[in-house]
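As a plain string of letters, each chain reads:
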Amino acid sequence: MAFEKRLRAIGAARYHDKHPFHQMLHGGGCSMTQVRAWVINRYYYQSRIPMKDAAFLSRCEDPQLRRIWRSRIEDHDGGISEGGGIRRWLKLAEAVGLDPDFVASTHGVLAGTRFAVDAYVHFVREKPLLEAVASSLTELFAPAIHENRIAGLLKHYAFADDSALSYFRQRLNEAPQDVRFGLAFVLDHADTLEKQDAAAAALTFKTDVLWSQLDTLHSAYVAPARIPPGGWDGREGVTGALDENPLRGAAE
Ligand SMILES: O=C(O)c1cc(C(=O)O)c2c(n1)C(=O)C(=O)c1cc(C(=O)O)[nH]c1-2
């Protein structure tokens, strides 16, 4: 159907799998400092996803919709003993030689990362539910990037193993059901051209949120690297071997 094609075309043109930082990361072109910078900044996204889903739930009057949506929070937070996606992300942090407590503190997260991610949380808190659901539909395109990431990291980086990458494997199980529901909801509720335009704009906005996170990372940590005030310096929280020349000169 035409509207679904329109949504998929937004991903095909704008999803962050095309960003040069991801191409470097998945192709083995990142230094450990760059991998760590990505892990530190992306943690902020992970940490805010359940908060944006809680914001969504707080506005949802339909118990059936709340019942379905709340599994997203469970996926990321999990139970006390086993944890969820956030804990799996911190396993990745450990595997790349970072202190997980440092990563969880969000110290050193770039201002641009915070601005982009916070904009997503605010969007979901404030916009009509249809647009809030539509903004989650970038996940239509996420399984392919997770597959590529697993393969690319395993091929190119010594730290990568099943435990380090468990976050992405688990998302391959979780995302398809989220997105099946989200897409059906949007196709069903966007029953006027005006609502379709609004849903498409919400998805476009979300691709901007993702792209902007990688732009700010690239600007800070890829030569000619320019770490902004408050950005991680390449050393703090590192428990593994430092790169020989971790962005030296970049911050000075
Ligand atoms: O690795 C990625 O490229 C990627 C992208 C996205 C996305 O498209 O927003 C999500 C995730 N991962 C992810 O792991 C995740 O849990 C997630 C939740 C959401 C959302 O908008 O609710 N997006 C994403």
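Heads up: these notes are all about the structure in this document. This is a predicted model, so every value here is computed, not measured. (Residues numbered from 1 in each chain as written. Predicted model: local features only at pLDDT ≥ 70, side-chain atom pairs only at ≥ 80, totals over all residues. Heavy atoms only, no water.)

1. Quick word on the pattern of salt bridges
Stage number 1. On inspection of all chains with the given rule, the structure shows twelve salt bridges.
Stage number 2. Between Arg 88 and Glu 174 there is a salt bridge; the shortest N-O distance is 3.7 Å. With Arg 88 in helix H5 (residues 85-95) and Glu 174 in helix H10 (residues 166-189), the pair connects residues that are 86 residues apart, well separated along the chain.
Stage number 3. Taking relative accessible area as the criterion, Glu 174 reaches 8% and is therefore assigned buried.
Stage number 4. One salt bridge connects Arg 171 with Asp 178, and the closest N-O pair in it is separated by 3.8 Å. Each of the two residues, Arg 171 as well as Asp 178, counts as buried. (Salt bridge = Lys/Arg side-chain N within 4 Å of Asp/Glu carboxyl O. Helix = DSSP H or I, 4+ residues; strand = E, 2+ residues; numbered from the N terminus. Buried < 20%, exposed > 50% of the residue type's maximum accessible area, 1.4 Å probe, protein only.)

2. A look at the packing of aromatic side chains
Stage number 1. Enumeration over the complete set of coordinates arrives at twelve aromatic pairs.
Stage number 2. Ring geometry for Trp 89 versus Phe 168: centroids 5.6 Å apart, planes at 80°, classification edge-to-face. Note that Trp 89 is positioned in helix H5 and Phe 168 in helix H10, a separation of 79 residues in sequence.
Stage number 3. What makes Trp 89 buried here is its relative accessible area of 0%. (Phe/Tyr/Trp six-rings, centres within 6.5 Å; stacked < 30°, edge-to-face > 60°.)

3. Looking at empty space enclosed by the protein
Stage number 1. Per the stated rule, a full pass over the model turns up two cavities of 30 Å³ or more.
Stage number 2. Residue assignment for the lining of the largest cavity shows that the elements contributing at least two residues are helix H3 (32-58), helix H4 (63-77), helix H9 (142-156), H10 and helix H11 (193-221).
Stage number 3. If one sorts the elements of the lining of the largest cavity by residue count, H3 sits on top with six residues.
Stage number 4. Residues of the lining of the largest cavity, tallied by class, amount to eight nonpolar, six polar and ten charged.
Stage number 5. Looking at the second largest cavity, its volume works out to about 110 Å³.
Stage number 6. Broken down by secondary-structure element, the contributors of at least two residues to the lining of the second largest cavity are H3 and H11. (1 Å grid on protein atoms, 1.4 Å probe; cavity = no way out; pocket = protein on both sides within 12 Å on 5 of 7 lines; lining within 4 Å. Points joined across faces, edges and corners; volume = space filled by probe spheres on them. Nonpolar A, V, L, I, M, F, W, Y, C, P; charged D, E, K, R; others polar.)

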